[in-house]
Amino acid sequence: MPNEKENLEGLKAQARFLGATDAAIIPAHSLKVEDRFAEMCAAPTRCASYGLAPGCPPHAIKPAIFREQLAGYRYILVFKIDAPIADLMNERRLTIAREIHRIAATLERAAASRGWAQARGLAAGSCKELFCGAEASCAVLANQLPCLRPDVARPSLSAMGVDFAALAQSVGWRFGRIDPATAPEQSTDSEPAMGLMGLMAGLVLLA
């Protein structure tokens, strides 16, 4: 592919133009994918979106299969939106997650137009909760109909087993988990969580 470096830099710049706080390119083989992250959607406390969308467990591609698919990709464009941790613990997170999906979907199309024919976006959060919350059920799962929001809805990062913390660390993005039982007073690194910034991320696989 001619001017590959410029091509990739152009995608990073577009991510920031679309609203991402930052974007980076990493080798596809460096993405950590573990079964346990997908399993967390079901246990010990089942996610409210479990089973409700094609991009969420148990319908999403299993991590073991996703790990095999990664061998067919060369790079990953990963991007984030920084937000106060307090916003990530309340309804504001839905607005941020919708933006992550929108950016991932837009970058997927942009990458395809730049020659990355197999570009594939993933994003944080369940598409059912984010885009079809008012629907009784998912049109795809319940009625075998086309997705109602194919322009923006993308599979969940967690459902595919992506290690979010490792992903953030690999590109130098500070990431700290918050214990829901004590947030916003306490974070896992014992710093006060109030006022701290967190992040939400998405990515695009590039073959």
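Residues numbered from 1 in each chain as written. Predicted model: local features only at pLDDT ≥ 70, side-chain atom pairs only at ≥ 80, totals over all residues. Heavy atoms only, no water.

## Let's talk about the overall build of the protein chain
For the protein chain, the helix and strand inventory stands at eight helices and four strands. Moving toward the C terminus, one meets the helices and strands of the protein chain in the order α-β-α-α-β-α-α-β-α-α-α-β. Taken across its 207 residues, the protein chain has 45% of its residues classed as buried. Counting only contacts in the protein chain whose residues sit at least 6 apart along the sequence, the fraction spanning at least 24 positions is 77%. With an accessible surface of roughly 10,400 Å², the protein chain has 55% of that area assigned to carbon and sulfur atoms. (Helix = DSSP H or I, 4+ residues; strand = E, 2+ residues; numbered from the N terminus. Buried < 20%, exposed > 50% of the residue type's maximum accessible area, 1.4 Å probe, protein only. Contact = heavy atoms within 4.5 Å. Areas by Shrake-Rupley, 256 points an atom, 1.4 Å probe, with all protein chains shown as cover.)

## A short note on the nonpolar core
Membership of the largest hydrophobic core comes to 35 residues, with the highest contact counts inside it found for F79, L107 and L206. When residues of this core are traced back to their parent elements, those giving at least two are α1 (4–17), β2 (75–84), α5 (92–113), α6 (127–131) and β4 (197–206). In terms of residues, this core owes the most to one element, α5, which gives nine residues. Discounting residues that sit within four places of it in the chain, L206 has contacts with L8, L11, Y73, R74, Y75, L77, A111, W116 and A119. Core analysis: the next-biggest nonpolar cluster, separate from the first, contains 21 residues, I26, L122, W173 and A201 among them. (Core = buried A, V, L, I, M, F, W, Y, C linked by side-chain atoms within 4.5 Å.)

## Points about the sheet that holds strand β1 (residues 22–27)
Within the open sheet, the four strands sit side by side as β1-β2-β4-β3. Their pairing is antiparallel. Both edges of this open sheet fall to β1 and β3 (120–123), since each of them pairs with a single strand only. Strand-to-strand twist of the sheet, defined as the mean angle between neighbouring strand axes without regard to direction, takes the value 25°. Strands β1, β2 and β4 of the sheet are contacted by α1, whose axis makes an angle of about 145° with β1. Relative to β3, helix α3 (residues 63–70) is tilted by about 140°, and along the sheet it contacts β2, β3 and β4. (Pairing = 2+ DSSP bridges. Axes fitted to C-alpha atoms, helices over the stretch in contact; angles between N-to-C directions.)

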